[in-house]
Amino acid sequence: MGIRNYLIEGVSGTGKTAVCHELRRRGYHAINGDRELAYQGDPKTGEPVDGPAHESAADGVTWGHEHHIWDVGKVKSVIADHRNAITFFCGGSRNFARFIDLFDRVFVLEIDLDTLNRRLAARPKDEFGGRPSERELIVRLHATKEDTPKGGIIIDATAPLERVVDEILSNSGDADQGPPP
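Predicted model only: the values in this text are computed from it and were never measured.

Trainee: Sorry, what's going on with the sheet that holds strand β6 (residues 105-110) here?
Mentor: As a general point, the strands of a sheet are linked pairwise by backbone hydrogen bonds and lie either parallel or antiparallel. Taking strand neighbours across the sheet as the criterion, the five strands line up as β2-β5-β1-β6-β7 in an open arrangement whose pairing is parallel. Only two strands of the sheet have a single partner each, and these edge strands are β2 (29-32) and β7 (153-156). Looking at each pair of strands side by side, their axes are set apart by 25 degrees on average, direction ignored. The sheet contact formed by β6 and β7 spans four bridges and is parallel. Paired with L109 across the strands is I155, a residue of β7. Across the face of the sheet, helix α4 (residues 72-80) comes into contact with β1 (4-9), β2 and β5 (86-90) while running at roughly 160 degrees to β5. Where helix α7 (residues 161-171) meets the sheet, it contacts β1, β5, β6 and β7, and its direction lies at approximately 160 degrees from that of β7.

Trainee: Quick question: what am I supposed to make of the nonpolar core here?
Mentor: One recurring pattern in soluble globular proteins: nonpolar side chains tend to sit buried together. In terms of nonpolar packing, the biggest core is built from 23 residues, with I8, V19, L23, F88, L109, V164 and I168 touching the most fellow members. When residues of this core are traced back to their parent elements, those giving at least two are β1, α1 (16-25), β5, β6, α5 (113-121) and α7. Per-element accounting of this core gives the leading share, four residues, to α7. Once residues lying within four places of it in the same chain are set aside, the contact partners of L109 are I8, E9, G10, T14, G15, K16, V19, I155, A157, V164 and I168. One finds L37, F89, F99 and I100 within the second-largest nonpolar core, a separate group that totals 15 residues.

Trainee: When you look at the pattern of salt bridges in this model, what are you seeing that I'm missing?
Mentor: Close approach of charged atoms allows side chains of opposite charge to pair. The final tally for this structure, using the stated rule, is ten salt bridges. Close ionic contact of R83 with D81 constitutes a salt bridge, the shortest N to O distance being 2.5 Å. Note that R94 is salt-bridged to D147, the shortest N-O span being 3.4 Å. Of this pair, R94 sits in the loop between β5 and β6 while D147 sits in the loop between α6 (132-144) and β7, placing them 53 residues apart in sequence. Accessibility expressed as a relative area gives 10% for D147, which makes it buried. Each of the salt bridges in this network shares a partner with another, and the network as a whole consists of E22, R25, R26 and D166.

Trainee: In this structure, what is going on with a negative patch on the surface? I would like to understand it.
Mentor: Together, D112, D114, D156 and E167 make up a region of like negative charge exposed at the surface. The topology assignment puts E167 in helix α7.

Trainee: Hey, could you run me through the pairing of β6 in this one?
Mentor: Regular strands show a simple pattern: their side chains alternate between the two faces of the sheet. Pairing analysis gives four bridges linking β1 to β6, with the strands arranged parallel. In the strand pairing of β6, Y6 is matched with R105.

Trainee: For this particular structure, what's the right way to read the packing of α5 against α6?
Mentor: Packed helices, taken two at a time, are described by the angle between their axes plus the distance between the axes. Packing of α5 against α6 leaves a shortest axis separation of 11 Å and a crossing angle of 155 degrees. As judged from the angle between their axes, α5 and α6 are roughly antiparallel. Like other packed secondary-structure pairs, α5 and α6 cross with a definite hand, here right-handed. Note on element contacts: α6 touches α5 through R135, I138, V139 and H142, opposite L113, L116, N117, L120 and A121. The residue makeup of the contact of α5 with α6, split by class, is six nonpolar, two polar and one charged.

Trainee: Looking at this structure, how should I read α1?
Mentor: Side chains that are three or four residues apart share a direction in an α-helix, a result of its 3.6 residues per turn. Every buried residue of α1 is accounted for by K16, V19, C20, E22 and L23. On an axial view of α1, the arc spanned by its buried residues comes to 165 degrees, and they lie on one face. Buried positions along α1 lie against β1, β2, α2 (33-36), β5, β6 and α7. Phi turns positive, to about 100 degrees, at G27, one or two residues after α1.

Criteria and cut-off values
- Residues numbered from 1 in each chain as written.
- Predicted model: local features only at pLDDT ≥ 70, side-chain atom pairs only at ≥ 80, totals over all residues.
- Heavy atoms only, no water.
- Pairing = 2+ DSSP bridges.
- Helix = DSSP H or I, 4+ residues; strand = E, 2+ residues; numbered from the N terminus.
- Axes fitted to C-alpha atoms, helices over the stretch in contact; angles between N-to-C directions.
- Contact = heavy atoms within 4.5 Å.
- Core = buried A, V, L, I, M, F, W, Y, C linked by side-chain atoms within 4.5 Å.
- Buried < 20%, exposed > 50% of the residue type's maximum accessible area, 1.4 Å probe, protein only.
- Salt bridge = Lys/Arg side-chain N within 4 Å of Asp/Glu carboxyl O.
- Patch = residues over 30% accessible without salt bridge, like charges linked within 9 Å, V, L, I, M, F, W, Y side chains within 5 Å.
- Areas by Shrake-Rupley, 256 points an atom, 1.4 Å probe, with all protein chains shown as cover.
- Lys, Arg positive; Asp, Glu negative; His and termini not counted.
- Charge placed at Lys NZ, Arg CZ, Asp CG, Glu CD.
- Parallel < 35°, antiparallel > 145°, perpendicular 65-115°, else oblique.
- Left-handed = near helix turned anticlockwise from the far one by under 90°.
- Nonpolar A, V, L, I, M, F, W, Y, C, P; charged D, E, K, R; others polar.
- Arc of directions from axis to C-beta.

See the structure below:
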């Protein structure tokens, strides 16, 4: 049996990291893409890049977000490793178009603006979304949905975490099977 791979996406603050932790707690293989696969690079070529030398704080936040990409080789390597029956990739990247076709399904976590603002207000300043310029960008991206995959299965991430993960598992066909051995 081949491995099944699922991408869990959404704007910052929708709960991708929390979902990753909950999937791991339940015994699933889950990759936190923002911590394990991400770097600053050119979304088209994948080449690592350094930020512009002189810019405003807001420009720097936008630039950093636009160049937050995943290592496509690492994504392919994890997908090719069939030791895990199921792998969940949790996080966001600006180059998802380069590997989205490798996933069996894509889930997009969505929340309302009030919930987003509450979650971002609770973030520490050293976490993305913890500073005002980052929050402004996230709120704009929440409104436009410009950098989340189209056609994914929408998951209401305002529900309690356990229900969010149950819905993802149900939509992946794994709800009745439980975690892999």
